[in-house]
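Residue-level structural notes
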There are 2 protein chains.
Amino acid sequence: MELSIFSHDHFMREAFKEAQRAFDADEIPVGAIVVCDNKIIARAHNLTERLNDVTAHAEMQAITSAANYLGGKYLNECTLYVTLEPCVMCAGAIAWAQLGKLVYGAPDTKRGFNLLTENKVLHPKTEVIAGMLSEECGEIIKLFFQKKR
Amino acid sequence: MELSIFSHDHFMREAFKEAQRAFDADEIPVGAIVVCDNKIIARAHNLTERLNDVTAHAEMQAITSAANYLGGKYLNECTLYVTLEPCVMCAGAIAWAQLGKLVYGAPDTKRGFNLLTENKVLHPKTEVIAGMLSEECGEIIKLFFQKKR
């Protein structure tokens, strides 16, 4: 039996805090955390502007950080919480990491990996839960782009 | 008129040197360079084992390094030479970087981005040249896996 002390909602709120940090830093507000055995082992938010680096998505950093913490590159015992549906790049990284579970918030209808309907990008064993805290996670991104206009 | 002092073959041989460095370091031998105005501005090879990080593909590092050199995150004036067809993750990063030109060596029939036949992963403006120095680039990978058996 899987021991679930904290709920998906609880952890997604932690990922959302990271999105808020991105917002405050004038970055597209996406946040991610990695959880292993009910413990947060990595936290990250989008840093593409500050680092001048298109690869600095929240998920990429969270995966690198979690692997660093665990001392191994596979995250099959981990859950990644991310406030936005991962893009193709991040989904590719999630596949290489053989992630155990992916929980994401708002859908990304323009860049999300689900656009690749013909091909499974993720590892076949990765469980996916979509739409967790979707409204808040989507709203902060809308707000960000409204502010930019 | 585009000024081409060095040929694609020349630059792919430089990427191949990076693949050889990966081989010597017991990493899956894939190498990449980024060229801008006939000048190599980034070099990288696969470091997934040493860094314990699935995201440390040659292309990802080369993109990060090139953007760092240029001080901007878009590589629309750059050519990326990579010895192996990029995977989905790297193709996603190449798309975000709006890369000008992608020149790759050997095909990757298991993990290459061309498996996503139904969807264009790359930016529409990215020119692609496939099969440059394909034999050597493929051979070194075969050799690596033979050595591992």
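Residue positions are counted from 1 within each chain, in the order its sequence is given. Lettering for chains starts from A, numbering for ligands starts from 1, and both go in the order in which the items are written. Where local features are concerned, this predicted model is filtered to residues with pLDDT of at least 70; where side-chain atom pairs are given and counted, the filter is 80 or more; whole-chain, interface and lining totals use all residues. The side-chain quantities take in all heavy atoms of the structure and omit both hydrogens and water.

**A word on the environment of Glu27(B)**
Residue and element names in this part refer to chain B.
- Helix numbering and strand numbering both begin at the N terminus, where a helix is a DSSP run of H or I of at least 4 residues and a strand a DSSP run of E of at least 2. Along the chain, Glu27 turns up in the loop between helix 1 (8-24) and strand 1 (31-36).
- When accessible area is computed with a 1.4 Å probe and restricted to protein chains, residues below 20% of their type maximum are described as buried, those above 50% as exposed, and intermediate ones as partly exposed. Under the relative-accessibility criterion, Glu27 is labelled buried at 1%.
- Once the C-alpha coordinates of Glu27 and Lys148 are considered, the two residues, 121 residues apart in sequence, prove to be 11 Å apart.
- In what follows, residue pairs with any heavy atoms lying within 4.5 Å of each other are defined as contacts. Apart from residues lying up to four places away in sequence, Glu27 is in contact with Ala22, Asn46, Leu47, Thr48, Glu49, Arg50 and Phe144.
- In terms of polar contacts, Glu27 uses its side chain to reach the backbone amide nitrogen of Thr48, at 3.2 Å.
- Counted as a polar contact is a pair of N or O atoms within 3.5 Å, where, for protein atoms, one must be capable of donating a hydrogen and the other of accepting one, and residues adjacent in sequence contribute only when both atoms are in side chains. There is a polar contact of 2.7 Å between the side chain of Glu27 and the backbone nitrogen of Arg50.

**With respect to the confidence of the model for chain A**
- For every residue, the predictor states its confidence as a pLDDT score lying anywhere from 0 to 100. Averaged over every residue, the pLDDT of chain A is 95; the share at 70 or more is 96%.
- The ipTM assigned to the predicted complex is 0.94, against a pTM of 0.94.

**Description of the relation of the copies chain A and chain B**
- When chain A is brought onto chain B, the operation consists of a screw motion whose angular component is 180 degrees and whose axial shift is 0.0 Å, with 0.0 Å RMSD remaining. Interpreted geometrically, this transformation is the action of a two-fold axis. Using C-alpha coordinates, one finds that chain A approaches the rotation axis most closely at Met89(A), a distance of 2.0 Å. Superposing copies: least-squares fit, C-alpha atoms only, residues required to have pLDDT of at least 70 in both.

**Description of the layout of surface pockets**
- Within this scheme a cavity is a closed region of a 1 Å grid, computed over the protein atoms alone, that accommodates a 1.4 Å probe without allowing it to escape, whereas a pocket is open but has protein on both sides within 12 Å along at least five of seven lines; lining residues each have an atom within 4 Å of a point. Grid points are joined across faces, edges and corners, and a volume is the space filled by probe spheres set on the points. Looking at the largest pocket, its volume works out to about 830 Å³.
- Surrounding the largest pocket, 27 residues form its lining, Ile28(A), Asp108(A), Arg111(A), Phe145(A) and Trp96(B) being those nearest its centre.
- When residues of the lining of the largest pocket are traced back to their parent elements, those giving at least two are helix 2 (58-70) and helix 4 (134-148) of chain A.
- Element by element, the count of residues in the lining of the largest pocket is highest for helix 4 of chain A, at 4 residues.
- Of the residues contributing to the lining of the largest pocket, the split by class is 13 nonpolar, 6 polar and 8 charged.
- Lining the second largest pocket are 28 residues, and of these Trp96(A), Ile28(B), Leu84(B), Asp108(B) and Phe145(B) lie nearest its centre.
- Among the secondary structure elements, those contributing two or more residues to the lining of the second largest pocket are helix 2 (58-70) and helix 4 (134-148) of chain B.
- It is helix 4 of chain B that contributes the most residues to the lining of the second largest pocket, 4 residues altogether. Each residue gets one label: Ala, Val, Leu, Ile, Met, Phe, Trp, Tyr, Cys and Pro are nonpolar, Asp, Glu, Lys and Arg are charged, and the others, such as Gly, are polar.

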